[in-house]
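In case you want the letters, here they are:
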Amino acid sequence: MNSSKSPGLAGFGVLKNTTCHTEKKISVFFSIIFMTAGILSNSLAIVILMKAYQRFRQKSKASFLLLASGLVVTDLFGHLINGAIAVFVYASDKDWIRFNQSNILCSVFGICMVFFGLCPLFLGSVMAVERCIGVTKPIFHSTKMTSRHVKMMLTMVCLFAVLIALLPILRFRAYQIQASRTWCFYKTEHVEDWEDRFYLLLFSCLGFLALAISFLCNAVTGITLLRVKFKSQQRQGRSHHFEMIIQLLAIMCVSCICWSPFLVAMARIGLREGRSEDACETLLFALRMATWNQILDPWVYILLRKAVLRNLYRITSGCCGGHGVNLHMWELSSIKNSLKVAAISESPGSSKQINLRPLSSMGQ
């Protein structure tokens, strides 16, 4: 395949020696399932955020809603764009030479993979920092964390992720078609040049840094909320803290479990020459794990709310204590309750309670 020497077909060089043979039907099935689940879950989360934002005008929660909106919108477009390109590649029998003569599609695919991979991690760390400031420094948060500042942070995060994604293009380094011939990313086959290693290690280090910041800030927030919970004697306050602690634990667990395999794989490839024979299947598995994080994000941040937790508690206590609970009715009404919880918690009576408790104002 002499076309690998051409600049326009630079991405095909990876296909010369090794090719990962994957089952087409299974791969197409995974791509369609991931894309559909991501679009549906993030669309539902956007609806919930819009309903909450229309009824709530308090600064502390407005900042969280803006960040959460940026997260779910990013996840939604990530599934739409990356999923559509992946399905197109499968539908074309992965014949990149036929539809990617100038390597434009591979470059776009690689840029989108890097951007939509790093941007949610960055936004998750920014949300963790915002929650930590809201709990530990409520006065500073209420006076300095305005909607204008949050929009500036969102813009800076997106621009930084775009810069990282465009860095290989600016350095005249083409994104490479991976051995499975189903996606494009940095060069992961026979990595010998220092710059190729740098891109892999940069992506991995930035991802781990974002996870570390999220873990540290969420740990501080969780410890602070626990201390307030044990000191508080009001039932309403304990309920709110319980909801926040559950969310923080879910955020840390989902992010670390889903992203760690892919980030570790990138770091291992960047720190050594070449790649093992079974790395293709391992890399595909790690990529699908990372994709699940974008699917679960809206359920963790938005749908894991007080209404769902209350129904889950009733089911658990009913099973343990012998009290009958209509599970079927809960399953049908859990999403409806999640949509209504914003209006319930944002009523004039509840807003007064929130104002009396500044530590819990940063909320959901």
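The numbers attached to residues start from 1 for each chain and follow its sequence in the written order. Local features are withheld for residues below a pLDDT of 70 in this predicted model, meaning they are given only at 70 or higher, and side-chain atom pairs are given and counted only at 80 or more; totals for whole chains, interfaces and linings count all residues. Working from all heavy atoms in the structure, the side-chain values ignore hydrogens and water.

**What to know about the overall build of the chain**
Helical segments are the DSSP runs of H or I of at least four residues, strand segments are the runs of E of at least two, and each set is numbered from the N terminus. Each helix and strand counted, the chain has 12 helices and 2 strands in total. Starting at the N terminus and walking to the C terminus, you meet the elements of the chain as α-α-α-α-α-α-β-β-α-α-α-α-α-α. Only protein chains enter the accessibility calculation, which uses a 1.4 Å probe. A residue is then buried if its area is under 20% of the maximum for its type, exposed if over 50%, and partly exposed in between. Within the span of the chain, comprising 364 residues, buried residues form 51% of the whole. Sequence separation of at least 24 residues holds for 80% of the intrachain contacts in the chain that already meet a minimum separation of 6. Whether two residues are in contact is decided by their heavy atoms: any pair within 4.5 Å suffices.

**Remarks on the UniProt feature "transmembrane region" (unreviewed entry) in the chain**
Per the UniProt annotation, the sites labelled "transmembrane region" (unreviewed entry) are residues 26-50, 62-90, 102-129, 150-170, 198-226 and 246-271. Across residues 102-129 one finds 93% helix and 0% strand; the C-alpha atoms that close the span lie 42 Å apart. Taken end to end, residues 150-170 is 100% helix and 0% strand, and its two terminal C-alpha atoms sit 29 Å from one another. UniProt positions are given in the numbering used here, feature names are shortened, and annotations may be inferred rather than shown by experiment.

**Description of the environment of Ile85**
Mapped onto the fold, Ile85 is located in helix 2 (residues 59-91). Ile85 sits 98 residues away from Trp183 along the chain, and the two C-alpha atoms are 8.6 Å apart. Aside from chain neighbours lying at most four places away, what touches Ile85 is Leu105, Val108 and Phe109.

**What about the packing of helix 4 (residues 104-136) against helix 6 (residues 147-170)?**
At a minimum axis distance of 8 Å, the contact between helix 4 and helix 6 shows a crossing angle of 145°. In the crossing of helix 4 with helix 6, the sense of the turn from one axis to the other is right-handed. Taken together, the residues of helix 6 that come into contact with helix 4 (itself represented by Ser107, Ile111, Val114, Phe115, Leu118, Cys119, Phe122, Leu123 and Val126) are Met153, Leu154, Val157, Cys158, Phe160, Ala161, Val162, Ile164, Ala165, Leu166 and Ile169. For the contact of helix 4 with helix 6, a count of residues per class yields 19 nonpolar, 1 polar and no charged. Helix axes are fitted to C-alpha atoms over the stretch in contact, other axes to C-alpha atoms as well, and angles between N-to-C directions run from 0 to 180 degrees. Handedness of each helix crossing follows the sense of rotation of the near helix against the far helix: counterclockwise by less than a right angle gives left-handed, clockwise gives right-handed. Classes in brief: Ala, Val, Leu, Ile, Met, Phe, Trp, Tyr, Cys and Pro nonpolar; Asp, Glu, Lys and Arg charged; the others, Gly included, polar.

**Examining helix 6**
A helix is expected to span 1.5 Å multiplied by its residue count minus one. Helix length check: helix 6, at 24 residues, gives a terminal C-alpha distance of 33 Å against a target of 34 Å (1.5 Å per residue), a fit within 8%. Axes are fitted to the seven residues ending at a residue and to the seven starting at it; the angle between these axes is taken as the bend at that residue. Maximal helix bending in helix 6 amounts to about 30°, located at Ile164; proline Pro168 follows within four positions. Every buried residue of helix 6 is listed here: Val150, Leu154, Val157, Ala161, Ile164, Ala165 and Pro168. Phe172, located one to two residues past helix 6, shows a positive phi value of around 60°.

**Let's talk about a nonpolar patch on the surface**
Candidate patch residues must exceed 30% relative accessible area and have no salt bridge, after which like charges are joined if within 9 Å and Val, Leu, Ile, Met, Phe, Trp or Tyr side chains if within 5 Å. We get accessible surface area from the Shrake-Rupley algorithm with a probe of 1.4 Å; when it comes to residues, only the shown protein chains can shield them. Put simply, a salt bridge is a Lys or Arg side-chain nitrogen that is within 4 Å of an Asp or Glu carboxyl oxygen. Taken together, Phe160, Val162, Leu163, Leu166, Ile169 and Leu170 make up a surface patch of nonpolar side chains, about 470 Å² in accessible area. Relative to the elements of secondary structure, Val162 occurs in helix 6. Taking the relative accessible area as the measure of exposure, Val162 reaches 33% and is therefore partly exposed.

**A look at unusual backbone geometry**
Peptide bonds are, in most cases, trans, and in most cases residues other than glycine have a negative phi. Of note in this structure, Asp93 is not a glycine but carries a positive phi near 60°. Looking at the element boundaries, Asp93 is found in the loop between helix 2 and helix 3 (96-99). Judged by relative accessible area, Asp93 falls into the exposed class, the value being 52%. At Phe172, a residue that is not glycine, the phi angle is positive and equals roughly 60°. Along the chain, Phe172 falls in the loop between helix 6 and strand 1 (176-177). Under the relative-accessibility criterion, Phe172 is labelled exposed at 79%.

**A short note on the nonpolar core**
Generally speaking, soluble globular proteins have nonpolar side chains that are buried together. We define the nonpolar core as a collection of buried residues of types Ala, Val, Leu, Ile, Met, Phe, Trp, Tyr and Cys that are connected through side-chain atoms lying within 4.5 Å of one another. By size, the foremost hydrophobic cluster in this structure holds 64 residues, and its most contacted members are Val114, Trp183, Phe185, Tyr186, Phe203 and Phe262. Per-element accounting of this core gives the leading share, 14 residues, to helix 4. Setting aside its immediate chain neighbours within four residues, Tyr186 contacts Val114, Ile164, Pro168, Tyr175, Gln176, Gln178, Tyr199, Leu200 and Phe203. Ala250, Ile251, Val254 and Cys258 belong to the second largest nonpolar core, which has 5 residues in total.

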